[in-house]
Amino acid sequence: MSSPLIDIRDLAVSYQAGGQLTEAVKNLSFSIGQGETVAIVGESGSGKSTLANAILGLLPASAKITRGELHVDGSDLSHASERQKRGLRGRTIGLVPQDPMVSLNPTLRIGQQIGEALILAQGRRYPGLDADVIELLQQVGLDKPELRARQYPHELSGGMRQRVLIAIALAGKPRLIIADEPTSALDVTVQRKILDHLQRLVAERGISLLIITHDLGVATDRADRILVMKQGELLEQGPPQQILDTPWHDYTRALIAAAPAFSTRRKARPAIASAAAPILSLQGVGKTFALPRVKGEASSFTALEDLSLQVFPGQTLAIVGESGSGKSTALRIALGLEKPSQGRVQFEQQDITDLSWRAFRPLRQRIQLVQQNPFAALDPRFTIFDSIVEPLVSFGLLKGEALEQAARELISRVHLPVSYLDRLPRELSGGQRQRVAIARALALKPDLLLLDEPVSALDVSVQAQILDLLDELQRELGIAYVLVSHDLSVVANVADQVLVLRHGQVIEQGPVDQVFNAPQSDYTRELIAAIPGRRSAQAAA
């Protein structure tokens, strides 16, 4: 047998802060063979990214390898010089980072950025550089490569930007690609295309692939072997089906139970009474945006076309679709932040379509929004107390001791300690911040919550906690939810009704079991087939 490309023996990595050493990776041993795909699964803080940075020789100054050996292509990096590490980066190991918008330079054209990677790999500028840039763009499956090379990152979609990062990683013809959460922010169909493409490259070139992910569905679908990490330790490893069928560690079992792709749907609630009236209804709603006048280009863009939906008290309607399908526009119209170009909007049988901002304001006490990014949604200068009571203060409802009592009750309702009221958002984890955002949305005792991708940025076990909390609140308070999500496995677990949007048009809608088990349209079938972990779950069943 040939020697492994990556061979790690008893590795420990520690961070130094304030005179104290904290072990981020402990006693880790594993290897990756040529052409093998390995996935490392674990929550935030499990040591996944620290391990990737150690393999790349990119540990920060505050971190160091305190024990063990880290062999990359036969070279021990645990005591290597910066020059030796630089020689391996790009040529032996390529990296596909998590966030393409942060990882790409917004001031440089795509072609220039891929060209930089090629020059670094070749050690000089060479005559065929432009042709190689175009070839790499073709290899990663981008249409119109000559046009894409001239564009800036902001002119590309999220999936296109992620393909550009793959092209940069391939520039040095590496033997191993490390993909760090490569699809966490992408739509399910785009996610599938990106992962399919990475797998195809691995098969064609014999490249090894290390996928770092918190999505167990992605890992089980794509990897030859899965490593489960927690708090820096390797708890378990094995082929995907073995991990799914016979996990021996409690933590692995908990991860599988929390993953929407492998968990069972919650208990169904009673059907809507035939006489029940919807709390929110959109009837034939359309929205057209004017575009800047450019010769030969369209002067308007239709974001929504003939959208009709109903949301009933105590029920969850999920709106699913890819980026650009009109999901967020529908939410903004329901919130009164956009006026529809056609159609009517009713809240409890009252027509609210043409209400002014002042006339709509009292209704905002009854319709609240939980945004996608909990860190961006909370003012970093406000304490958690200030954030939670902000709606109550804004509407002049409570003050003094009553306000403090309301804050204590709200933070307890979302299962956070009362002591957290004095903290700032940066002192909380992502899941804790999302709980604060939910507590703030509940402050005015709304009848309808609009949830815009509320768990897309969270670890799978934290996702499960937030979804369980939302289910508990709905059962206790009878709140209606409109959930916007691109994660169909989440939708399958929490929704009562599903509406599928594509290019602003309703493709399909109905009860969740009907849509998922007997989809009527090819597009819905394609969305469902692309759910990560679905293949593995079916095989396990």
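Residue positions are given per chain, counting from 1 as you read along its sequence in written order. Since the coordinates come from a predicted model, pLDDT governs what is reported: local features require at least 70, and pairs of side-chain atoms require 80 or more to be given and counted, while whole-chain, interface and lining totals use all residues. The basis for every side-chain value is the complete set of non-hydrogen atoms in the structure, without hydrogens or water.

A. Spatial organisation of the layout of surface pockets. Approximately 670 Å³ is the volume attributed to the second largest pocket. What lines the second largest pocket is a set of 25 residues, among which Arg89, Gly90, Ala117, Leu120 and Ile168 lie closest to the centre. Mapped onto the lining of the second largest pocket, the elements with two or more residues apiece are helix 2 (82-88), strand 6 (93-96), helix 4 (110-122) and helix 7 (158-170). The leading source of residues in the lining of the second largest pocket is helix 4, at 5 residues. Think of it as three bins: nonpolar holds Ala, Val, Leu, Ile, Met, Phe, Trp, Tyr, Cys and Pro, charged holds Asp, Glu, Lys and Arg, and polar takes everything else, Gly as well. Split into classes, the residues belonging to the lining of the second largest pocket amount to 13 nonpolar, 7 polar and 5 charged. A cavity here means a set of 1 Å grid points, computed over protein atoms only, where a 1.4 Å probe fits but cannot escape. A pocket is an open set with protein on both sides within 12 Å along at least 5 of 7 lines, and lining residues have an atom within 4 Å of a point. Grid points are joined across faces, edges and corners, and a volume is the space filled by probe spheres set on the points. Each helix is a run of H or I in the DSSP string that is no shorter than four residues. Each strand is a run of E no shorter than two, and both are numbered from the N terminus.

B. Spatial organisation of helix 11 (residues 250-258). By the burial criterion, the buried members of helix 11 are Tyr251, Thr252, Leu255, Ile256 and Ala258. Projection of helix 11 onto a plane perpendicular to its axis shows the buried side chains occupying an angular sector of 165°, all on one side. For helix 11, the exposed residues lying more than 90 degrees away from the buried face are Asp250 and Ala257. Any residue under 20% of the maximum accessible area for its type is buried, any over 50% is exposed, and the rest in between are partly exposed; the area is computed with a 1.4 Å probe on protein chains only. Summarising the geometry, the arc corresponds to the directions from the helix axis toward the C-beta atoms.

C. Here's a closer look at the sheet that holds strand 9 (residues 225-230). The pairing criterion is simple: DSSP has to find at least two bridges between the two strands. What the 6 strands build is an open sheet, ordered 6-7-8-3-9-10; its pairing is mixed. The open sheet has two free edges, formed respectively by strand 6 and strand 10 (233-238), since each of these has just one partner strand. For this sheet, the mean inter-axis angle between neighbouring strands, taken without regard to orientation, is 20°. With 4 bridges joining them, strand 3 (residues 37-41) and strand 9 adopt parallel strand pairing. Each bridged residue has a counterpart across the sheet, and for Val41 the counterpart in strand 9 is Val228. Along the sheet face, helix 7 touches strand 6 and strand 7 (176-180) and points at about 170° away from the line of strand 6. To get an axis, fit a line to the C-alpha atoms, keeping to the stretch in contact for a helix; angles then go from 0 to 180 degrees between the N-to-C directions. Whether two residues touch is decided by their heavy atoms; if any such pair falls within 4.5 Å, the residues are in contact.

D. Looking closely at the packing of aromatic side chains. The rule is short: rings of Phe, Tyr and Trp, with Trp giving its six-membered ring, pair when the centres are within 6.5 Å, and they are stacked under 30 degrees, edge-to-face over 60, tilted in between. What the rule picks out here adds up to 0 aromatic pairs. Here the basic side chain of Lys287 rests over the ring of Phe289, its NZ or CZ set 5.2 Å away from the ring centre. Two thresholds decide whether a charge sits over a ring: the Lys NZ or Arg CZ must be within 6 Å of the ring centre and within 35 degrees of the ring normal. In this structure, Arg423 is placed above the aromatic ring of Tyr420, and the distance from its NZ or CZ to the ring centre is 4.0 Å.

E. Region of the structure containing empty space enclosed by the protein. A full pass over the atoms with the stated rule returns 6 cavities of 30 Å³ or more. Approximately 390 Å³ is the volume found for the largest cavity. Every residue lining the largest cavity is counted, 31 residues in all, and those nearest its centre are Gln191, His214, Asp215, Gln463 and Asp487. Among the elements of the structure, helix 8 (188-205), helix 9 (216-222), helix 18 (460-477), strand 18 (480-485) and helix 19 (488-494) are those that each provide at least two residues to the lining of the largest cavity. Among the residues making up the lining of the largest cavity, the classes are represented as 16 nonpolar, 11 polar and 4 charged.

F. Focus on the pairing of strand 14 (residues 342-347). As defined by bridge partners, strand 11 (residues 280-290) adjoins strand 14 across 5 bridges and the pair is classed as antiparallel. In the strand pairing of strand 14, Leu280 is matched with Phe347. The sheet contact formed by strand 14 and strand 15 (residues 350-351) spans 2 bridges and is antiparallel. Across the sheet, the residue bridging to Phe347 is Gln350, located in strand 15.

G. Spatial organisation of the nonpolar core. In this structure, Ile388, Ile438, Leu442, Leu449, Val491, Val498 and Phe516 are the most contacted members of the largest nonpolar core, which totals 55 residues. Ranked by residues supplied to this core, first place goes to helix 18 with 6 residues. Ignoring sequence-local partners within four residues, the contact set of Leu442 consists of Leu410, Arg413, Val414, Leu449, Leu473, Leu477 and Ile479. We define a nonpolar core as any set of buried Ala, Val, Leu, Ile, Met, Phe, Trp, Tyr and Cys residues linked to one another through side-chain atoms lying within 4.5 Å.

H. How the structure looks around the side chain of Arg89. Examined against the element boundaries, Arg89 turns out to sit in the loop between helix 2 and strand 6. What qualifies as a polar contact is a pair of N or O atoms within 3.5 Å, subject to a donor-acceptor requirement within protein and to the restriction that residues adjacent in sequence count only when both atoms come from side chains. Of note is the side chain of Arg89, whose polar atom sits 2.7 Å from the side chain of Glu82. Aside from chain neighbours lying at most four places away, what touches Arg89 is Leu56, Gly57, Leu58 and Glu82.

Bear in mind that shape data such as this cannot, by itself, settle questions of function.
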